[in-house]
Amino acid sequence: MSMHQMLDSLAGARGGAQALPVQLTAKETQTLMWCFKGKTSWEIARIQNCSESTVNFHFSNIRRKFAVRSRSAALLKAIEAGAISVGEVEWRGPHEPD
């Protein structure tokens, strides 16, 4: 039996304990917000003044925390979990700079 299965069985034995909410860092939250706005890793790196590898590292951590395999799925899970709020996003026209 794998460790994951053992933990799942223990959770079931305790009456189906709820999973802990996902805790995102400020940079992970900011990265997801820029992703929601349609920015690429390269664009997010320029905005956050870091390397593209750092942005991809944040996305890797985000995907791991939400147990998903894509940015889109992570973004959807973050919205569903309330980790980010779509209402926080300020919409701009295509001709306006970010």
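Refer to the structure above for everything that follows.
These remarks concern the structure in this document. (Residues numbered from 1 in each chain as written. Predicted model: local features only at pLDDT ≥ 70, side-chain atom pairs only at ≥ 80, totals over all residues. Heavy atoms only, no water.)

Right, let's get into unusual backbone geometry. One non-glycine residue, N49, adopts positive backbone phi at about 55°. Positive phi, close to 55°, is recorded for A67, a residue that is not glycine. Along the chain, the position of A67 falls in the loop between helix 4 (52-66) and helix 5 (71-81). (Helix = DSSP H or I, 4+ residues; strand = E, 2+ residues; numbered from the N terminus.)

Here we come to the pattern of salt bridges. Under the definition given, this model contains 1 salt bridge. Salt-bridge contacts for E28 lead to K65; the nearest nitrogen and oxygen are separated by 2.7 Å. Within this pair, whereas E28 is found in helix 2 (residues 26-36), its partner K65 is found in helix 4, the two being separated by 37 residues in sequence. (Salt bridge = Lys/Arg side-chain N within 4 Å of Asp/Glu carboxyl O.)

With that settled, consider the side chain of T31. Relative to the helices and strands, T31 is located in helix 2. Of note is the side chain of T31, whose polar atom sits 3.3 Å from the side chain of Q48. Dropping the residues within four chain positions of it, T31 is found in contact with I44, Q48, V55, H58 and F59. (Polar contact = N/O pair within 3.5 Å; in protein donor to acceptor, adjacent residues only side chain to side chain. Contact = heavy atoms within 4.5 Å.)

It is worth spelling out the packing of helix 3 (residues 41-48) against helix 4 at this point. Between helix 3 and helix 4, the shortest axis-to-axis distance is 8 Å and the interhelical angle comes to 110°. On the basis of the axis angle, helix 3 is roughly perpendicular to helix 4. Here helix 3 contributes S41, W42, I44, A45 and Q48 to the contact with helix 4, which in turn contributes E52, V55, N56, H58 and F59. In terms of residue class, the contact of helix 3 with helix 4 is made up of 5 nonpolar, 4 polar and 1 charged. (Axes fitted to C-alpha atoms, helices over the stretch in contact; angles between N-to-C directions. Parallel < 35°, antiparallel > 145°, perpendicular 65-115°, else oblique. Nonpolar A, V, L, I, M, F, W, Y, C, P; charged D, E, K, R; others polar.)

For the rest of this paragraph, the subject is the nonpolar core. Among the nonpolar cores identified, the biggest contains 16 residues, and L32, F59, I62, F66 and I84 are the most heavily contacted of them. The residues contacting I62, other than those within four sequence positions of it, are L24, E28, L32 and A74. (Core = buried A, V, L, I, M, F, W, Y, C linked by side-chain atoms within 4.5 Å. Buried < 20%, exposed > 50% of the residue type's maximum accessible area, 1.4 Å probe, protein only.)

Attention now moves to the environment of A81. Here A81 is to be found in helix 5. On the accessibility criterion, A81 (57% relative accessible area) is exposed. For the pair A81 and P21, spaced 60 residues apart in the sequence, the C-alpha separation amounts to 7.7 Å.

On to the side chain of E28. The class for E28 is buried, based on a relative accessible area of 3%. Within polar-contact distance, the side chain of E28 engages the side chain of K65 at 2.7 Å. The residues touching E28, leaving out its near neighbours within four places in the chain, are Q23, H58, N61, I62 and K65.

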